[in-house]
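Coordinate analysis (summary)
Next come the chains, spelled out residue by residue.
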Amino acid sequence: MSRGRDAQGLLLAAALGALAVLWLLPVVWVVVTSLKPTANIIRVPPEWIPWPATLEHYVEVLFSSSRTARIGRAFVNSLVVSLGTVILVVGTSALAAYPLARMRFPGKTFVFSVIVGSLMIPNAVVLVPQYVLVQRLGWLSTYQGLIVPEAAVTFAFGVFLLRQFFLTIPHELEDAALIDGANTWQVFARIVVPLSQPVLAALAIFAFRSAWNDFLWPLIAVNKAEMFPLPVALALLRGAYSSESYGPIMAGAALSALPLLIVFLIANRRIVEGVRLSGLKG
Amino acid sequence: MARRRGLTAYGFLAPGLLLFAAFRVYPLLDGLRLSFTNARLGRPAQAFVGLANYERLLEDTRFHVSLWNTLFYTVASTLPILAIPLLLAVALNRGTMRTVLRGAFFFPFTLSVVTVGLTWLWLLDPVVGPFNYYFGWLVGRGRSWLSEPGTAMWVIIATTVWWVAGYYLVIYLAGLQDIPRDLYESAALDGAGAIRSFWAITLPLLRPVLLFVFVTHIIGSFQIFGQVFVLTQGGPGDSTRTVVQHLYETAFQNFFAFGAASAMAWVLFAIILVFSLLQFRLLRGHTEL
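Numbers given to residues run from 1 along each chain, matching the order in which its sequence is written. The lettering of chains begins at A and the numbering of ligands begins at 1, in the order of writing. Local features are withheld for residues below a pLDDT of 70 in this predicted model, meaning they are given only at 70 or higher, and side-chain atom pairs are given and counted only at 80 or more; totals for whole chains, interfaces and linings count all residues. The side-chain values count all of the structure's non-hydrogen atoms but skip hydrogen atoms and water molecules.

**Examining the overall build of chain B**
Counting its secondary structure elements, chain B contains 13 helices and zero strands. Strands here are runs of E lasting at least two residues and helices are runs of H or I lasting at least four, both read from the DSSP assignment and numbered beginning at the N terminus. Each helix (α) and strand (β) of chain B, taken in turn from the N terminus, gives the series α-α-α-α-α-α-α-α-α-α-α-α-α. Seen through its principal axes, chain B has C-alpha atoms that stretch 75 × 75 × 30 Å. Accessible area is worked out with a 1.4 Å probe on protein chains only. A residue is then buried under 20% of its type maximum, exposed over 50%, and partly exposed in between. Taking all 289 residues of chain B together, 54% fall into the buried category. Note on definitions: a residue-residue contact is assigned when non-hydrogen atoms from the two residues lie within 4.5 Å. Within chain B, residue pairs in contact and separated by at least 24 positions form 65% of the contacts whose partners lie at least 6 positions apart. As displayed, chain B offers around 13,300 Å² of accessible surface, 67% of which is attributable to carbon and sulfur atoms. The average position of the 20 basic charges and that of the 13 acidic charges among the side chains of chain B differ by 8 Å. Per-residue and other accessible areas were derived by the Shrake-Rupley procedure at a 1.4 Å probe size, with only the shown protein chains allowed to occlude residues. The sign given to each residue is positive for Lys and Arg and negative for Asp and Glu; His and the chain ends receive no count. Lysine's charge is taken at NZ, arginine's at CZ, aspartate's at CG and glutamate's at CD.

**Overview of the interface of chain B and chain A**
Contacts between chain B and chain A engage 89 residues on the former and 93 residues on the latter. Interface area lost by chain B to chain A is led by Phe12, Arg24 and Trp122 of chain B, which between them contribute 12%. Polar contact criterion, stated in full: a pair of N or O atoms within 3.5 Å, where within protein one must be able to donate a hydrogen and the other to accept it, and residues adjacent in sequence count only if both atoms are side-chain atoms. Linking chain B with chain A are 12 residue pairs in polar contact (both at pLDDT 80 or more), by the criterion used here. In terms of residues, the side of chain B that touches chain A owes the most to one element, helix α1 (residues 2-34) of chain B, which gives 21 residues. Polar here means any residue other than Ala, Val, Leu, Ile, Met, Phe, Trp, Tyr, Cys and Pro, which are nonpolar, and Asp, Glu, Lys and Arg, which are charged; Gly is therefore polar. Counted by class, the side of chain B that touches chain A contains 68 nonpolar, 15 polar and six charged residues. Buried area: the accessible area, evaluated with a 1.4 Å probe, that two parts lose upon being put together, summed over both parts.

**Topic: the packing of helix α13 (residues 246-266) of chain A against helix α5 (residues 113-123) of chain B**
When two helices pack together, their arrangement is given by the angle between the helix axes and the distance between those axes. Angles shown run from 0 to 180 degrees and are taken between the N-to-C directions of axes, each axis being a line fitted to C-alpha atoms and, for helices, limited to the stretch in contact. Remark: α13 of chain A packs on α5 of chain B, axes separated minimally by 10 Å, with the N-to-C direction vectors making an angle of 140°. Of the two elements, α13 of chain A crosses α5 of chain B, and the hand of that crossing is left-handed. In this structure, α13 of chain A contributes Tyr246, Ile249, Met250, Ala253 and Ser256 of chain A to the contact, and α5 of chain B contributes Thr115, Leu118, Leu121 and Trp122 of chain B. Here the contact of α13 of chain A with α5 of chain B is built from residues that sort into seven nonpolar, two polar and no charged. Left-handed describes a crossing whose near helix is turned anticlockwise from the far helix by less than a right angle; the clockwise case is right-handed.

**Some words on the packing of helix α4 (residues 98-106) of chain B against helix α7 (residues 149-177) of chain B**
Residues and elements named next belong to chain B. Axis separation between α4 and α7 bottoms out at 8 Å; the angle between their running directions is 145°. For the element pair α4 and α7, the recorded crossing hand is left-handed. Contact residues: α4 offers Arg98, Arg102, Phe105 and Phe106, while α7 offers Gly166, Tyr167, Leu169, Val170, Leu173 and Gln177. When its residues are assigned to classes, the contact of α4 with α7 shows six nonpolar, two polar and two charged.

**Points about unusual backbone geometry**
Backbone torsion omega between Trp51 of chain A and Pro52 of chain A reads 0°, so that peptide bond is classified as cis. Within the fold, Pro52 of chain A resides in the loop between α2 (38-41) and α3 (56-63). The omega torsion of the bond from Gly235 of chain B to Pro236 of chain B falls at -5°, within 30 degrees of zero and hence cis. With respect to the helices and strands, Pro236 of chain B occurs in the loop between α11 (226-231) and α12 (243-252). Look at Ser141 of chain A: it is not a glycine, yet its phi comes out positive at around 55°. Tracing the backbone through its elements, the reader meets Ser141 of chain A in the loop between α6 (127-136) and α7 (143-166). Although it is not a glycine, Phe256 of chain B sits at a positive phi angle of roughly 55°. Along the chain, the position of Phe256 of chain B falls in the loop between α12 and α13 (258-284). Overall, the relative accessible area of 29% leaves Phe256 of chain B in the partly exposed class.

**Concerning the pattern of salt bridges**
Should a side-chain nitrogen of Lys or Arg be within 4 Å of a carboxyl oxygen of Asp or Glu, the pair is scored as a salt bridge. Summed over all chains, the structure comprises seven salt bridges over all chains. Glu47 of chain A is the salt-bridge partner of Arg43 of chain A, the closest N and O atoms lying 3.3 Å from each other. Its salt-bridge partner being Arg33 of chain B, residue Asp30 of chain B comes within 2.8 Å of it at the nearest N-O pair. A residue pair is termed a helical-turn pair when its members lie 3 or 4 positions apart in one helix, as Asp30 of chain B and Arg33 of chain B do in helix α1 at three residues. One connected set of salt bridges, linked through shared partners, spans Arg62, Asp238, Arg241 and Glu249 of chain B.

**Overview of the packing of aromatic side chains**
Classification of ring pairs rests on two measures: the distance between centres of Phe, Tyr or Trp rings, Trp counted by its six-membered ring, which must be within 6.5 Å, and the angle between planes, read as stacked under 30 degrees, edge-to-face over 60 and tilted in between. Overall, the coordinates contain 38 aromatic pairs over all chains when judged by the stated rule. Centre to centre, the rings of Phe188 of chain A and Phe12 of chain B are 5.4 Å apart; their planes meet at 75°, and the pair counts as edge-to-face. Residue Phe188 of chain A is found in helix α9 (residues 184-195), and its partner Phe12 of chain B is found in helix α1; the two belong to separate chains. Pair check on accessibility: Phe188 of chain A and Phe12 of chain B agree, each one buried. An aromatic cluster of three or more residues is present, and its members are Tyr131 and Phe215 of chain A together with Phe225, Phe229, Tyr248, Phe252 and Phe258 of chain B. In this analysis the charged atom, NZ for Lys or CZ for Arg, is taken to sit over a ring once it is within 6 Å of the ring centre and within 35 degrees of the ring normal. The ring of Trp145 of chain B is capped by Arg143 of chain B, whose NZ or CZ atom sits 5.4 Å from the centre of that ring.

**Examining the environment of Phe252 of chain B**
For Phe252 of chain B, the position within the fold is in helix α12. By relative accessible area, which is 13% here, Phe252 of chain B ends up buried. Separated by 211 residues in the primary sequence, Phe252 of chain B and Leu41 of chain B place their C-alpha atoms 8.2 Å from one another. In this structure, Phe252 of chain B is in contact with Leu127, Val128, Tyr131 and Ile220 of chain A together with Phe258 of chain B, ignoring residues within four places of it in sequence.

**Some words on helix α9 (residues 194-205) of chain B**
Think of an α-helix as 3.6 residues a turn; residues three or four steps apart then line up on the same face. All names here are of chain B. A rise of 1.5 Å per residue sets the reference length of α9, with its 12 residues, at 16 Å; its end C-alpha atoms lie 15 Å apart and thus fit the reference within 8%. All of the buried residues in α9 are Ser197, Phe198, Ile201, Thr202 and Leu203. The elements touched by buried residues of α9 are α3 (61-92), α7, α8 (181-189) and α10 (207-221). The span one expects for a helix is its residue count, reduced by one, times 1.5 Å.

**Considerations on the nonpolar core**
Among buried residues, those of type Ala, Val, Leu, Ile, Met, Phe, Trp, Tyr and Cys that are joined through side-chain atoms within 4.5 Å constitute a nonpolar core. By size, the foremost hydrophobic cluster in this structure holds 181 residues, and its most contacted members are Phe215 of chain A together with Tyr172 and Phe252 of chain B. Examining the composition of this core, we find that 17 residues originate from one element, α7 of chain B, more than from any other.

**Notes on the confidence of the model for chain B**
Taken over all residues, the pLDDT of chain B has a mean of 89, while the share at 70 or more is 95%. Under the prediction, the complex receives an ipTM of 0.90, its pTM being 0.91. For every residue, the predictor states its confidence as a pLDDT score lying anywhere from 0 to 100.

Dropping the structure here:
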């Protein structure tokens, strides 16, 4: 029996491995394309080994003064917006989740229900009024016009995620600190926050991913090319190019995956944990 | 004392609540108000028009087509999105290569919808894309997948499955790990094979997870936009035009009709709300949410 099982397991592993390779082929194709000189990109049959390899498309999208140079600027814009969103989301939702998990006060259930209920609001539904609001604030094509609405979307999820975690922190720790004369703020900052680092990191990754990848809101909230974040710059670059200019677009696409790939490699387990927390426990 | 506690609590809550009230609650209500006006971009004076925007939607055939396409997309993508990650998760649940393979399937989910769209656009390029080359080699002739009304929506579905399968895979894996191992062992002792165990143990015990994936997918599907924008812009014809694409064009590209677009948004919201409430009804029976 065990011999049959082993053979079966091996076969399954091989099949899954092959499928995984197939799954990644589109990405490989993007990277391979981005490394080819323009003339080789449109060759048929497709060449899977970029030879001769060149970084010219990367140099072009990052440094040249042509219209593709917007990618370099867009990369910076995306970083600013994503990091800004992370800071705002993690800060506000940690502060808000703390009393919701650990204090008793009038209106608590109501506040919490409204926040969690808002998870059901689809982003597409508030698109127009949010635009009207941001326009009135004079925030169109600004970093704050991208960061603040983005953070507001993730806030509810953050509160929910962090509250679940804060509930599990033992009360004895808080009580001991209070007896030692710490105030509520000190308990929060010196005990709760340090103990919650894994879940705060998971939230940060989640917020970074959704800000880095958001498309629809920046598409309408930004109308100056130099303020485009990466997805918008790439999507509009596509419209401006013919199929012969896939090189710079593919280099831009590969670059856009880089920050999340790095985060993913560093924090693989935390992402999975974050997905778990967000999906099931959250 | 109680009052001071209340003050402290609201002190902590204040920054978040301010953000939340200004950028979630207020826009939601303002959108409802706008849907009863003839507001346009740059027109400050908005007249109340009652239900006119909603009535017009009843006659707007492009809106009907968008709604139909959105529905078609949602229904047609549901089975692959439920089943493919589930099968992968079951196959990956044990074995040494699990982490590496899980990473491979999860990777596309870290890409932005625009990157995913561009990737597939390039892959499926009718002239120089590799997909058609191999497809043509197998079948004899390639096709322009994205410019044929019969195939464009399926490309959007396939792209989406490829993009999100890894995310649901991880969720299923989490669910699978909560199923006690000895259930399978005793089933094996009773002579149940892998397939029998799957139907008798895995599937019933994964029910809450399946339901979660199902509803998350449906709510997301009704809002599909990025894939359509990058791959087809709603075409060919209107064959891949979805509600959000239509809303986006109505409000920000062609007519700048904020009132009409807000009415669309609220119709969409109503549909999604029904599904969300259904989720709560269904889930309440099975997990303590």
